[in-house]
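Take a look at the letters that make up each chain.
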Amino acid sequence: MTHGDSAGPVCSLKFVTLLVVLGPELLFLGAGVQLQENGYNGLLVAINPQVSEDQNLIPNIKEMITEASYYLFNATKRRVFFRNIKILIPATWKANNYSKVKQESYEKANVIVTDWYGAHGDDPYTLQYRGCGKEGKYIHFTPNFLLNDDLTAGYGSRGRVFVHEWAHLRWGVFDEYNNEKPFYINGQNQIKVTRCSSDITGIFLCERGPCPQENCIISKIFKEGCMFIYNSTQNATASIMFMQSLSSVVEFCNASTHTQEAPNLQNQMCSLRSTWDVITDSDDFNNSFPMKGTELPPPPTFSLLQAGDKVVCLVLDVSSKMAKADRLLQLQQAAEFYLMQIVEIHTFVGIASFNSKGTIRAQLHQINNDDDRKLLVSYLPATVSAEAETSVCSGLKKGFEMVEKLNGKAFSSVMILVTSGDDEHVTNCFLTVLSSGSTIHTIALGSSAVKNLEELSHLTGGLKFFVPDKSNSNSMLDAFSRISSGSGDIFQQHIQLESIGEYVKPHHQLKNTVTVDHSVGNDTTFLVTWQTSGPPEIVLFDPNGRKYYTDDFTTNLAFRTARLWIPGTAKPGLWTYTLNNTHHSPQALKVTVTSGASRSAMPPATVEAFVERDSTHFPHPVTIYAIVRKGFYPILNATVTATIESETADPVTLKLFDDGAGADVIKNDGIYSRYFFSFAVNGRYSLKVHVNHSPSISALAHSIPGSHAMYVPGYITNGNIQMNAPRKLVGRREEEQKWGFSRISSGGSFFVLGVPADPHPDVFPPCKIIDLEAVKVEEEVTLSWTAPGEDFDQGQANSYEIRVSKSLQNIQDDFNNAILVNTSKLNPQQAGTKEIFTFSSEFFTNGPEHQSDGETQKSHRIYVAIRAVDRNFLKSAVSNVAQASLLIPPNSTPVFARDYLILKGVLTAMGFIGIICLTIVVTHCVLNRKKRADKKENETKLL
């Protein structure tokens, strides 16, 4: 489901033996980018089908990556380069003798080329969601960035930009600039530019031209419109993660050039470590050595691929085990819905079944209309066989046989494999599967399904699902609804709006509402399924009050389904349905609703759910993710709930958060996360995510998330200021959100091992605090962070351990021996709550501390870290390291102190002037009064 940390169940020795004899090309099919002998193999660049064909786009991509390969090779000190790259051409472009796609698809690409869907902006960026040192999801370039040479003035050459983004994607490092905080006050109370390295030179620029740095700050607030313009000619060689556009920059910031005080994301996410430190700690560097000699590596080779016809084959288990727990019925219901509603028009579809032998039920048939869909439904299995034995390989063999009749090869085909049986011989066909070029999505039914079934998906880049034997579970329908062509064209795909299943008592109702928002509505379908003969009594209201009854639905009594298709565009708003169980026994009633985009220029809101790893071993948690967005805009403030089902235990619901704490790495990026560790049993677990958004809450973020290459506003060249064209911003588009929206998506399945059968002691510590911040206010240091839980991010921790040091190395390498802060009055709050704690800095200002890294006793910074402790004294990992400035050098004139002295002088002068004025007024009044008294006295004497 994700790049990187996939790891399915342990394979048999026989399978390992097979892998040994495979050639390198087969070995890494479906495995993503691999580093072999210093060269990266298998990098996939995919162009979105919505991108217009342009003859310059592919040459420019090639030129960019070729330049990047040499730049990366030198920047990594002869360690890595790009060896071979695959470029996936959209099927919407003209055919040009491109090679056939095998298992490659847009959804699996490392680099995507696509527009913002109507928004402005060309920032290259990388979607990162897992933290420091962890692989990202993809790099995004717009076609305009790749075609418009004018943009290189602000971003630098495309090859340099590619290396900047590659470091984000591959090694999990972050940007060293900060557009929100371009300046900061350092430990010596000086204004500094947020940069790396500090050797990069330039001048401050105010509204009227160059100005001294003091003009950029007024009473501790940076003046709007003030910027720092860099010299185009530099001597500094770092850093690529700051400003790759400078010609002198050829390396990453290392320990000697890294600026720890700079308020950038690299320092925040990586605990003040340099980018080079993180990169050299990666698997790529730990498993390779620099190339010897002085020769450059060979230039990259490129393979141009284009998908042909869409081909799908259903490979369905019909052994006697499918008769258990309504397995066949659920398969029939889900496969019918897939064929009638989900699979895209013009797709070739075939059906095979198997027990101990495989059978072709329907040869490939192209879907051009509803009659074609109905014909394929008629070939779905109606009964199971009497034979319990299953042979997955026999079923797949029939699937390949069908597909090869169309094109001679099974390249780019999709197999949807559904089975409940145990098959000890499934590894026999792994070599055939690997060489077929087909992608296999697996759906395991019940606890007896073959243990290493998911390996077929893992090796071919397919999805994997699990359906527990529970009649009220909608996991089968969710799995089929999740499977798309993988083309990346959201306007051709169906979006799941509702998925619910409940046991309903006799003569009771299942009643609910589903929101059809204005971004969807085309090809909307309501599906109702039931267990016993005869449909329930159905009443459906549209937002205008129009009623639909059971007779308005198309009913399949054999499969126990009722389907209503809404012609045209469904009315936006709340649709209300009621299912009345008219039978004399309880039964599971289920509802599924899907719809498509209402307008081609406006992408609908979507959710993509997945787990970080395909398997885990108790007590390690599983991290659940849900990317919620509209086009590429993150959707904020959504209510995101994950439902996790195992074979025997009750479903567990878990709310996911986008708060930048616990499992969630970056706040407000539209990626909602949470740890899951409530493991009831060993075996498979299924994941489903439900997103609900209120119409009254702001939805779209102000900008695209991710790590962006820096756009430079201008340079100083030969003493002259040369400004670049203003950067186009991807601003928030305000749209009417009258109804809110709801979305459902399956997140596939994962495997858990090592769960103890008996009650076990507490083994779950609090989660790591990742958002610790420190600010010095007068003589105190104030810390803030998000509270972890008793167990990871759930519950309430028992205490905190806060330690400080004047040495970054000390607190990073030897936290236990750093100075302990008294936290006896600090009581942890509920997980997710904002914590604030203040302590005096006097001791650290005056107190000595051994400096192991050469820092002097008069350090002007302290470093702070924290960890949480639960009731059983289990401790979290040490938090990110925060820092605060303490001292002001006596021989310097602090900016803030100077402002204060000026203000004090002005006020004193004003005070003196006021006193003088008051004295004059009083004296004048006294003299006048005395004069009047004397005059009156004289007048009296005269009388």
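Residues numbered from 1 in each chain as written. Predicted model: local features only at pLDDT ≥ 70, side-chain atom pairs only at ≥ 80, totals over all residues. Heavy atoms only, no water.

1. A word on the sheet that holds strand 36 (residues 652–656)
On the basis of which strands lie adjacent, the open sheet formed by 5 strands has the order 32-42-38-35-36 and mixed pairing. Since the sheet does not close on itself, it has two edges, and those belong to strand 32 (615–617) and strand 36, each with one partner. Averaged over all pairs of adjacent strands, the angle between their axes in this sheet comes to 30°, without regard to strand direction. In this sheet, strand 42 (residues 741–753) lies alongside strand 38 (residues 683–693) in antiparallel orientation, the contact comprising 11 bridges. Bridged to Val689 within strand 42 is Ser745. In the packing of helix 16 (residues 475–482) onto the sheet, the strands contacted are strand 35 (639–645), strand 38 and strand 42, and the crossing angle to strand 42 comes to about 105°. (Pairing = 2+ DSSP bridges. Helix = DSSP H or I, 4+ residues; strand = E, 2+ residues; numbered from the N terminus. Axes fitted to C-alpha atoms, helices over the stretch in contact; angles between N-to-C directions. Contact = heavy atoms within 4.5 Å.)

2. Some words on the sheet that holds strand 16 (residues 311–317)
The strand order across the open sheet built from 6 strands is 18-17-16-19-20-21, with neighbouring strands paired in mixed fashion. Single-partner strands in this sheet number two, and they are strand 18 (358–366) and strand 21 (464–467). Direction aside, neighbouring strands of the sheet carry axes that sit 15° apart on average. Here strand 16 pairs with strand 17 (residues 348–354) via 7 bridges, running parallel. Each bridged residue has a counterpart across the sheet, and for Leu316 the counterpart in strand 17 is Ser353. The sheet contacts of helix 11 (residues 327–342) involve strand 16, strand 17, strand 19 (414–419), strand 20 (439–445) and strand 21, and relative to strand 16 the element is tilted by about 170°.

3. A word on the state of the cysteines
Each disulfide is one covalent bond, formed between the sulfur atoms of two cysteines. Tallied over the entire structure, the rule returns 4 disulfides. Here Cys196 connects covalently by a disulfide to Cys253, the sulfurs 2.1 Å from one another. The chirality of the disulfide connecting Cys196 with Cys253 is left-handed, given an S-S dihedral of about -120°. Of this pair, Cys196 sits in the loop between strand 9 (191–193) and strand 10 (202–206) while Cys253 sits in the loop between helix 7 (240–243) and helix 8 (265–269); the two residues are 57 residues apart in sequence, bridging distant segments of the chain. For the pair formed by Cys196 and Cys253, the shared burial category is buried. Residue Cys393 pairs covalently with Cys429 via a disulfide, S to S 2.2 Å. (Disulfide = S-S within 2.5 Å. Buried < 20%, exposed > 50% of the residue type's maximum accessible area, 1.4 Å probe, protein only.)

4. Section: the nonpolar core
By size, the foremost hydrophobic cluster in this structure holds 73 residues, and its most contacted members are Ile47, Phe82, Phe162, Trp166, Trp171 and Phe252. Considering every element that reaches this core, the biggest residue donor is helix 3 (residues 57–75), with 9 residues. Leave out the neighbours within four places in its chain, and Phe252 touches Ala75, Val163, Ala167, Trp171, Ala238, Ser239, Ile240, Met241, Thr275, Trp276 and Ile279. Ranked by size, the runner-up nonpolar core spans 36 residues in total, among them Ala362, Val414, Val467 and Phe480. (Core = buried A, V, L, I, M, F, W, Y, C linked by side-chain atoms within 4.5 Å.)

5. Some points on the environment of Ile490
With respect to the secondary-structure elements, Ile490 resides in the loop between helix 16 and strand 22 (495–504). On a C-alpha basis, the gap between Ile490 and Gly596 in space is 8.6 Å, while along the polypeptide they are 106 residues apart.

6. Comments concerning the environment of Thr359
Take Thr359: it is sitting in strand 18. Placed 38 residues apart in sequence, Thr359 and Lys397 show a C-alpha to C-alpha distance of 9.5 Å. Not counting residues within four places of it along the chain, the set of residues in contact with Thr359 comprises Ile351, Ala352, Ser353 and Lys398.

7. Side note on the packing of aromatic side chains
Aromatic ring pairs are reported here in terms of the distance separating the ring centres and the angle at which the planes meet. One pass over the full model with this rule turns up 36 aromatic pairs. Between Tyr40 and Trp166, the ring centres sit 5.0 Å apart and the planes meet at 65°, which makes this aromatic pair edge-to-face. Of this pair, Tyr40 sits in strand 2 (residues 39–47) while Trp166 is found in helix 6 (residues 158–171), placing the two residues 126 residues apart along the sequence. Accessibility classification places Tyr40 together with Trp166 in one group, the buried group. (Phe/Tyr/Trp six-rings, centres within 6.5 Å; stacked < 30°, edge-to-face > 60°.)

8. Quick look at the pattern of salt bridges
In this structure the tally under the stated criterion is 25 salt bridges. Salt-bridge contacts for Lys137 lead to Glu608; the nearest nitrogen and oxygen are separated by 3.3 Å. Here Lys137, found in the loop between strand 6 (125–127) and strand 7 (138–141), pairs with Glu608, found in strand 31 (residues 605–611); they are 471 residues apart in sequence, far enough to count as distant. Looking at Lys137, the relative accessible area reads 7%, which means it is buried. (Salt bridge = Lys/Arg side-chain N within 4 Å of Asp/Glu carboxyl O.)

9. Some details on the pairing of strand 37 (residues 671–676)
Burial of strand 37 is extensive: 6 of the 6 residues sit out of reach of the surface. Neither face of strand 37 is exposed, since Ile671, Ser673 and Tyr675 on one face and Tyr672, Arg674 and Phe676 on the opposite face are all buried. When strand 33 (residues 622–630) meets strand 37, the two strands line up antiparallel, connected through 6 bridges. Each bridged residue has a counterpart across the sheet, and for Ile624 the counterpart in strand 37 is Arg674.

10. Here we look at the packing of helix 11 against helix 12 (residues 370–377)
Between two packed helices, what matters for the description is the angle formed by their axes and the separation of those axes. For the pair helix 11 and helix 12, the least separation of the axes is 9 Å and the interaxial angle reads 165°. Between helix 11 and helix 12, the angle is such that the two are roughly antiparallel. Relative to helix 12, helix 11 is oriented so that their crossing is right-handed. Across the interface between the two elements, Glu336, Leu339, Met340 and Gln341 from helix 11 touch Arg373, Lys374, Leu376 and Val377 from helix 12. (Parallel < 35°, antiparallel > 145°, perpendicular 65-115°, else oblique. Left-handed = near helix turned anticlockwise from the far one by under 90°.)

11. With respect to the confidence of the model for the chain
The pLDDT averaged across the chain works out to 88; a share of 86% of its residues lies at or above 70. Across residues 1–30, confidence stays below pLDDT 50; counting only partners more than four residues off in sequence or on other chains, it has 65 contacts. Scored below 50 in pLDDT, residues 847–858 makes 23 contacts in the model with residues more than four places away or belonging to other chains. (pLDDT = per-residue confidence, 0-100.)

12. Some points on the packing of helix 3 against helix 6
Viewed as axis vectors pointing N to C, helix 3 and helix 6 meet at an angle of 70°, and their least axial separation amounts to 8 Å. Viewed along their axes, helix 3 and helix 6 adopt a mutual orientation that is roughly perpendicular. In terms of crossing hand, the pair formed by helix 3 and helix 6 is right-handed. Contacts between helix 3 and helix 6 involve Asn60, Met64, Ile65, Glu67, Ala68, Tyr71 and Leu72 from the first element and Arg158, Gly159, Arg160, Phe162, Val163, Trp166 and Trp171 from the second. Of the residues assigned to the contact of helix 3 with helix 6, the class counts are 9 nonpolar, 2 polar and 3 charged. (Nonpolar A, V, L, I, M, F, W, Y, C, P; charged D, E, K, R; others polar.)

13. Section: the pairing of strand 14 (residues 227–231)
The two faces of a sheet get side chains in turn, since along a regular strand they alternate between them. Pairing geometry for strand 10 and strand 14, over 4 bridges, is antiparallel. If you follow Gly202 over to strand 14, its bridge partner there is Tyr230. With 2 bridges joining them, strand 14 and strand 40 (residues 714–717) adopt parallel strand pairing. By the bridge assignment for strand 40, Tyr230 is matched with Tyr715.

14. Side note on unusual backbone geometry
That bond from Cys196 to Ser197 is cis: its omega, 10°, falls within 30 degrees of zero. Inspection of the secondary structure assignment puts Ser197 in the loop between strand 9 and strand 10. Note that the residue after Ala238, namely Ser239, is joined by a cis bond; omega there is 25°. For Ser239, the position within the fold is in the loop between strand 14 and helix 7. You will see that Asp326, though not glycine, has its phi angle at about 60°, which is positive. Mapped onto the elements of the fold, Asp326 is located in the loop between strand 16 and helix 11.

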